[in-house]
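# A structural walkthrough
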Amino acid sequence: MTWKIEEASQRILKFLADRKGKASLSEICEKLKLDPSPAMRTLLTLQEQGLLKTFEKHERFFKLTPEGEAYASRGLPERRLVEAAVRLGGTASLEESLKEASLPREAGNIALGWIVRKGWGKIRREKGKTLVEAFHTPAEGKDETLLRLMAEKGGADSQWLEAQGLLGTALELKRRNLVEEKVKRLRDVELTEAGWRQAGEVRVEAPRKPVVTVLTGELIRSGKWREVEFRRYDVSAIPPTLHPGKKHFYLEFLEEVRDILVAMGFEEVWGPYVETEFWNFDVLFQPQDHPAREIHDSYQLKYPRFGRLPSRSLALKVGKTHKDGWKTGSKGWKYKWNPEVARRLVMRSQTTAVSVRQLSARQNPPVKVFCLSRVFRPDVLDAKHSMEFHQCDGIMGDWGLNLRHLLGFFKEFCRALGFKEVKFRPGYFPFTEPSVEVFVKHPTLGWVEVAGSGVFRPEVTLPLGARFPVLAWGAGIGRLAMVKLGIGDIRELHTRNLELLREAEV
Amino acid sequence: MPTLTLEYEDLCSLLGVKIPLKKLENLLGLIKCQVEKTENGNITVEVTADRPDLLSVEGVARTLRGFLGRQKGGPTYKIGESKVKVKVSRKVKAVRPHIACAVVSGVKFTSASIAQLMQLQEKLHETLCRRRRKASIGVYDIDKVKPPIAYTALKPEEIAFTPLEEARQMSASEILSENPKGVEYRHLLEGLPRYPLLVDSRGQVLSMPPIVNSEETKVTLETRNLFIDVTGFNPEVLEEAVSIIASSLAERKARIEAVPVEYEGGKRLWTCTMKPRKMTVEASAINSLLGFNLPVRRLAEILERMGFQTKVKGGKLEASIPAYRCDILHPVDLAEDVAIGFNYDLIKPEPLKVPTTGKLLSSTKVRRKIRDLMAGFGFQEVASYILSSREAQTVRMRLEGGVRLVELANPTSSEYTVIRCWVIPSLLEFLSRNIHVEYPQRVFELGDVVLPDLKAETATKVECRLAAAITDFKVSYEDVQAAAYSLLRQLGFKDWKVKPAEHPSFIPGRAALLEANGVETVLLGEIHPQILESLQLPNPVAAMEVNLTSLLPEAFQCEKV
């Protein structure tokens, strides 16, 4: 449980402080009654926090073999043999002595060798018999002492043996195969300065109150919360991720553009997605054989196929303007205008259709409106093309307006969108003259074309009854969003990737 | 817009001055030739669609010379009168009634100039000639032809000649089925009783407009004298096309000769006379359109540079418009040339001061409010295309028949063939792309649908809908019901009728219609498992769709035609 580690770490710090800042892992485990592996994890965590340092070292460790253990409890064979001889009167045959000592025959030679080496007795041969001669019980030898201690302690490390002057003895016993040597990894722990400071603030008290996890309404109402202790949490643990309800990043960009235009005094207007060719093309002085009206450049409808022309008189004026210019001063396109073609339905291919619809309904200047919506072109969806995308179109109509006001508008609009440098180039649109293409300087992409614009031709405005100059502009707002948001693939504006939407910056 | 390739060296030599490439690129942008790229001394430009006279290096050089002040009032081409006569048979009347011709003599081709002529012909076919439907152009070596030339129409089986780049004589039907140009343009002739044909006095075929020329009369590097014909339907366009080609050749010192054309039983006229038109414009009209305040003489000087011979008559300017400038329909077109001649980089922007109060559509305001509410309820907003498919809208949603969709006649992909009639399918498709993304998934879309409405001006109506969908390992009717009820309350509705709904897209007994404002405006329920299965959605989905147009009619009144 995480909270235990939390508590354990405080106790460890306190313990170390009591030990002048140093202790070994085994001491810590022993004194604080901790299991070695969780204790080790706690130590490593504390080390990461810079509160203590751990040092690893390797130590020789000696342990009794099973034979050693047997001798430790029953005595070495040489002692048992000598003591048997003593009991038998000081001199006895080997057989008798072994029997007295309950030693097996094979142990005889080893025992005899050690008796001689330790000077505990003498060995004589008489009439083909081996005799053991010993008259008093020898004092405990160093090897025996060590066996005893090791049996008590369950082993001994080299450091301790050295301190006791028993390291040589241990090696001797190892040679006798009574002791085996192992390498043991030890860890020393030392408080750092930060650890000392932390330890100074720790007050470890045994919890005297019951520990609860959940603060219930009952605890609050009854006032019993005073009598409990709350389980401590690991406040640094990683919580689950929250996915807020979020608005779409691209649609939010569009809202920003709307706000900019409203701040610049534009009124927002609306128009339908399915449009008659009349509003989409004819009013815009695009002749009926114009390439943009071919199936490669606009979506035509299979159902329904035809709409209605708004009014007979407007249709007549537009038709005559196409044919010979009507009263507009133009020579027109010199062909017979067909109202049936104008009635055909298409998917709106330019939001300028909305601008002219609005203009026809607003005869009194000033007119300053914009429409931000979708348009459609017969393209196959890929990184650079889309069959459906957003455009923003606007018109500004008033007496006295001219081309320079159009440029002035763009300077301001582009600045509001975050582009300081703007340049203008001549362009062509069938419904504006002069026409202007607008480029902005992007820090990495260079000059990027963002809008087309111009002054509506008299062939557009006069049939609608607008006698004042009308400045018109249209911006590929999806492209602008890509430039602003650093998006390279147009499909990403309508992404179906939920993770991307969840992570998108708002 | 058409693109065009120009050789840098060739352009400079036609200009008569070497201009550094960087500077030249900028200059081209100022005369409606936007540079796309420059590679190995070749400049690719995009020419605006109104200026077919700029579709050759010669035309570009002519315009640039004026823009730079190296030439005023445009070039004066001397137009001779050709002895080559063209006779037009009555038979062409029903198939391709008009022709305009020119003879250009003293041509000295280089590989660059012959390539430009081919390019110009091709680009004119694409643009001004509307892919040869409106007009088509032929160019021939006149020294391989024996005038007079007849423009006639013969029955297909009477026609046989060797088409350009072919090795043998072919019949008309062979040409239309085997020759590449024949295959490409046969739709322009198919079904006609007679095919148009240009033949000389010996019976040598020059061409079968608008398909292909004959091999025998073809133009090579050695050709010195050319015959040009443009056939089609609109005499004015034919004259424009022939003028553009002839004048481009004249830029390289060739001589243009007008050609007499005699219509059988009708008029006789000279074509390619290159006679300029006159157009008068008030200086004040130009100044007020452009926001300039230039004296009339200065305006005349700019127009002269832009290639129009101009006379000042009081406060008026009378400009002569060269025959190749077919874009000048109205005095505003001359005004634009003044703006271009003045240089767009030097026009000073003027702050726009029109005293208006900006405002959003009432529907936009409501849309914003609802999007905020939905986000507040913990839904992620989604933005789908409104184009969809019948499969996604009805078939997959278990709606068989009875639903008339607004349908495209020329879709570009099977995924996008109709306009959606509801939004829930868009959300289900969205969810199906995210089956491995962390759950729960709560999404919404506020978007439009289009429905047939044959009484309306556009025979359709737009409705604004809100759709929301929730999917999780466990999700139920109640989850989406909670969202629907909360939304209605937040929008100020106090009570509504709940009617159990039997809708094929939902699990029977787990769908409802809510009637607020006296109309059924909310459809909600648990999506039918068959739909989940077909979209491979591994978890249940509860969804709702709100018709905002009928729920909040006042706010959406502005979204009506």
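Residues numbered from 1 in each chain as written. Chains lettered and ligands numbered in written order. Predicted model: local features only at pLDDT ≥ 70, side-chain atom pairs only at ≥ 80, totals over all residues.

## Considering the overall build of chain A
Counting its regular elements, chain A contains 21 helices and 19 strands. Here chain A has a C-alpha radius of gyration of 51 Å; the compact-globule value for 506 residues is 23 Å, and the former is much larger. Projected onto its principal axes, the C-alpha coordinates of chain A cover approximately 155 × 60 × 45 Å. Counting all 506 residues of chain A, 40% fall into the buried class. Nonlocal contacts in chain A, meaning residues at least 24 apart in sequence, comprise 67% of its contacts between residues at least 6 apart. (Helix = DSSP H or I, 4+ residues; strand = E, 2+ residues; numbered from the N terminus. Rg over C-alpha atoms; globule rule 2.2 N^0.38 Å. Buried ≥ 20, exposed ≤ 12 C-beta atoms within 10 Å, placed from the backbone. Contact = placed C-beta atoms within 7 Å.)

## What about the interface of chain B and chain A?
Many authors give the size of an interface as the accessible area that is lost as the parts come together. Contact with chain B, which involves 82 residues of that partner, is made by 80 residues of chain A. Those elements giving two or more residues to the side of chain B that touches chain A turn out to be helix 8 (283-290), helix 10 (331-342), helix 11 (362-376), strand 20 (380-381), strand 22 (407-408), strand 24 (441-452) and strand 25 (460-471) of chain B. The element contributing the most residues to the side of chain B that touches chain A is helix 10 of chain B, with seven residues.

## Regarding the domain arrangement of chain B
Residues and elements named next belong to chain B. Domains assigned within chain B are domain 1 (3-67), domain 2 (79-271), domain 3 (277-346) and domain 4 (362-556). Computed over C-alpha atoms, the centres of domain 1 and domain 3 are 22 Å apart. Facing the ten residues of domain 1 at the interface are twelve residues of domain 3. Looking at the side of domain 1 that touches domain 3, its residues break down into four nonpolar, two polar and four charged. (Domains from an automatic or database assignment. Nonpolar A, V, L, I, M, F, W, Y, C, P; charged D, E, K, R; others polar.)

## Here we look at the sheet that holds strand 2 (residues 52-64) of chain A
Residue and element names in this part refer to chain A. Taken together, the four strands give an open sheet; going across it, the order is 1-7-2-6, and neighbouring strands pair in antiparallel fashion. This sheet does not close on itself; its edge strands, each paired only once, are strand 1 (22-24) and strand 6 (156-157). Pairing between strand 1 and strand 7 (residues 179-191): three bridges, direction antiparallel. Of the residues in strand 7, the one forming a bridge with S24 is D188. Against the sheet, helix 2 (residues 25-32) makes contact with strand 1 and strand 7, and its axis sits at roughly 85° relative to strand 1, the strand it touches most. Sitting on the sheet, helix 10 (residues 167-175) touches strand 2, strand 6 and strand 7, and the angle it makes with strand 7 is about 140°. (Pairing = 2+ DSSP bridges. Axes fitted to C-alpha atoms, helices over the stretch in contact; angles between N-to-C directions.)

## Re the packing of helix 8 (residues 142-153) of chain A against helix 10 of chain A
Residues and elements named next belong to chain A. It is at 9 Å that the axes of helix 8 and helix 10 come closest, and there the two elements cross at 85°. Judged by the inter-axis angle, helix 8 sits roughly perpendicular to helix 10. Contact residues: K142, D143 and L146 in helix 8; T169, A170, E172 and L173 in helix 10. For the contact of helix 8 with helix 10, the class distribution of residues is three nonpolar, one polar and three charged. (Parallel < 35°, antiparallel > 145°, perpendicular 65-115°, else oblique.)

## Notes on the domain arrangement of chain A
Each domain of chain A was delimited in the assignment, giving domain 1 (80-139) and domain 2 (251-503). Taken over C-alpha atoms, the centre of domain 1 of chain A sits 122 Å from the centre of domain 2 of chain A.

## Digging into the nonpolar core
Ranked by internal contacts, the top residues of the largest apolar core, which has 254 residues, are A241, A468 and A543 of chain B. The element contributing the most residues to this core is helix 7 (residues 235-250) of chain B, with nine residues. (Core = buried A, V, L, I, M, F, W, Y, C linked by C-beta atoms within 7 Å.)

## A short note on the environment of P77 of chain A
Residues and elements named next belong to chain A. In this fold, P77 is placed in helix 5 (residues 77-87). Accessibility expressed as a C-beta count within 10 Å gives 23 for P77, which makes it buried. For P77 and L112, which are 35 residues apart along the polypeptide, the C-alpha to C-alpha distance reads 8.9 Å. Contact partners of P77, with chain neighbours within four places excluded, come to L103, A107, I110 and A111.

## With respect to the sheet that holds strand 18 (residues 309-313) of chain B
All names here are of chain B. If you walk across this open sheet you meet the three strands as 17-19-18, and the pairing is antiparallel. Of all strands in the sheet, those bounded by a partner on one side alone are strand 17 (277-282) and strand 18. Neighbour-to-neighbour, the strand axes of the sheet open up by a mean angle of 25°, direction not taken into account. Running over the sheet, helix 8 touches strand 17 and strand 19 (316-321) and is turned about 65° from strand 17.

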